[in-house]
Amino acid sequence: MKLSARLEASRLASIDDRIMPLINIVFLLLIFFLVAGAIREVEPVEVDPPRSVVEAESVTDALTIYVASDGRIALGETLLERDAFDQAIAAAVAADPDQPIRIVADRDVEAVNVISILETLRASGSSRVKLVTQMQAAP
Amino acid sequence: MKFAQRTSRSSGTRIGLTPLIDVVFILLLFFMLTSTFADRRSLDMATPAPSSVTDLDDKIIALELTTEGLHFDGRPLRLDEIDAVLHARLATGDPVSLTVAAGIGLETCVTVMDALKASGARSIALKGPEGMH
């Protein structure tokens, strides 16, 4: 009875010994992802921003406009047609003219599309507009 | 005697490692799937009020970006010439207006803006082709 209990205990201890390196590595991976990664934001359309060498960090607490490569536009999390978008943005800017706005546009989208959104923003009086880009190492 | 006591106490307070490993694995999976390493930056876009632009007309550095390339004063301008040609004027803080023709991708436009910023441009306003709406 006593012997079998001790055998059981040593068997458990040896399992622990073998599993320790695994836990160490899993913990290291966990800490790596915690520190190095940032939680991905949910984007209503798939967007791959243009590469740029600008240094300024992207702000996250801003009203976000997404422009997909096929021209679809989303304000925040809702996809909108162009006319509805113009109205929604005018209403949002009128409610708070100083709020920062960022445009997350795909690199393949036509610049003219983005410019027409900028003109809409200009017409509604917003002055804090940023275009989101993706970091590219300077050559 | 002492030894026997110690072993019996430690086996009494043993905490199983398996639930801990389960939780750590789930956390690891969560962070692996949700984290992103894309380094997002942002570029200031000038949206000047239309009224403030007219009285600056002679100071504005007007550039045109068409499918044939970048033009300044009607002459073609290569990206690596921007610094040589425009540095002195950009240093005075004159605003830049970049007129972009239809058919230009956003990335090309951002590359030109990068080059202008690198030469010291402070405010770059984008303009669409005439009669865009």
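Up top is the structure these notes are about.
Reading the values: the criteria
- All residue numbers refer to position in the chain's written sequence, counted from 1.
- Written order determines the labels here, with chains lettered from A and ligands numbered from 1.
- Reporting in this predicted model follows two pLDDT cut-offs: at least 70 for local features of residues, and 80 or more for side-chain atom pairs to be given and counted; totals over whole chains, interfaces and linings ignore these cut-offs and use all residues.
- Note that the side-chain values use all heavy atoms of the structure and ignore hydrogens as well as water.
- For patch detection, residues must exceed 30% relative accessible area and be free of salt bridges, and they are connected within 9 Å for like charges or within 5 Å for nonpolar side chains (Val, Leu, Ile, Met, Phe, Trp, Tyr).
- The method behind every accessible area is Shrake-Rupley, applied with a 1.4 Å probe, and residues are considered shielded solely by the protein chains displayed.
- Salt bridges are defined as contacts in which a side-chain nitrogen from Lys or Arg sits within 4 Å of a carboxyl oxygen from Asp or Glu.
- For the purposes of this entry, the term helix denotes a DSSP run of H or I that reaches at least four residues, the term strand denotes a run of E that reaches at least two, and both are numbered from the N terminus.
- Throughout this description, buried means an accessible area under 20% of the type-specific maximum (1.4 Å probe, protein chains only), exposed means over 50%, and partly exposed covers the range between.
- The contact criterion used is simple: two residues touch if any of their non-hydrogen atoms lie within 4.5 Å.
- Buried area counts how much accessible surface, traced with a 1.4 Å probe, disappears from two parts once they are put together, with both parts' losses summed.
- Whenever a nitrogen or oxygen atom comes within 3.5 Å of another N or O atom, the pair is scored as a polar contact, on the condition that within protein one atom can donate a hydrogen and the other can accept it, and that pairs from neighbouring residues in sequence are kept only if both atoms are in side chains.
- The criterion for strand pairing is that DSSP finds at least two bridges linking the strands in question.
- Between the first and last residue of a helix there are one fewer steps than residues, each counted as 1.5 Å, and that sum is the expected span.
- This arc is built from the directions going out from the helix axis to the C-beta atoms.
- Stacked, tilted and edge-to-face pairs are distinguished by plane angle, under 30 degrees for stacked and over 60 for edge-to-face with tilted covering the rest, among Phe, Tyr and Trp rings (Trp via its six-membered ring) whose centres lie within 6.5 Å.

Q: Tell me about a nonpolar patch on the surface, residues and numbers included.
A: Together, F27, I31, L34 and V35 of chain A together with L20 of chain B line one region of the surface with nonpolar side chains, adding up to about 450 Å² of accessible area. Of all the elements, helix α1 (residues 2–36) of chain A adds the most residues to the nonpolar patch, at four residues. By secondary structure assignment, the location of V35 of chain A is in helix α1. Classification of V35 of chain A as exposed rests on a relative accessible area of 68%.

Q: Got a sec to walk through the interface of chain A and chain B? Specific residues and values, please.
A: Counting residues at the interface gives 53 residues for chain A and 44 residues for chain B. When the buried surface of chain A facing chain B is broken down by residue, F33, R122 and L131 of chain A rank first, second and third, together holding 15% of it. Viewed at the interface, chain B and chain A are joined by two salt bridges. When the shortest N-O distance is used, the salt bridge between D44 of chain B and K130 of chain A registers 2.6 Å. Where chain A packs against chain B, one counts 13 residue pairs in polar contact (both at pLDDT 80 or more). Contributions of two or more residues to the side of chain A that touches chain B are made by α1, β1 (38–39), β2 (51–52), β6 (101–105), α3 (111–124) and β7 (129–135) of chain A. With 13 residues, the single largest contributor to the side of chain A that touches chain B is α1 of chain A. In this structure, β7 of chain A lies alongside strand β2 (residues 40–45) of chain B, joined through six bridges in antiparallel fashion. Its bridge partner being in β2 of chain B, V132 of chain A is matched across the sheet by S42 of chain B.

Q: Any chance you could break down helix α2 (residues 82–95) of chain A for me, citing the residues and the numbers?
A: All names here are of chain A. Its 14 residues place the ends of α2 20 Å apart at the C-alpha level, agreeing with the 20 Å of an ideal helix rising 1.5 Å per residue. All buried positions along α2 are accounted for by F85, I89, A92 and V93. End-on view of α2: buried residues confined to an arc of 95°, all on one side of the axis. Of the residues in α2, the exposed ones pointing more than 90 degrees away from the buried face are D83, Q87, A94 and A95. Contacts made by the buried residues of α2 are with β3 (63–67), β4 (73–75), β5 (78–80), β6 and α3.

Q: Go over the side chain of T64 of chain A, please, and point to the residues and values.
A: Residue and element names in this part refer to chain A. Inspection of the secondary structure assignment puts T64 in strand β3. Overall, the relative accessible area of 8% leaves T64 in the buried class. Polar contacts involving the side chain of T64 include one to the main-chain carbonyl oxygen of A62, which spans 3.1 Å. Beyond its immediate sequence surroundings of up to four residues, T64 is in contact with A74, L75, G76, R102 and V104.

Q: Explain the packing of aromatic side chains to me, using residue names and the numbers behind them.
A: All names here are of chain A. One pass over the full model with this rule turns up two aromatic pairs over all chains. On the numbers, 5.3 Å between centres and 75° between planes, the contact of F32 with F33 is edge-to-face. Here F32 falls in the partly exposed class, since its relative accessible area comes to 44%. For F33, a relative accessible area of 12% gives the class buried.

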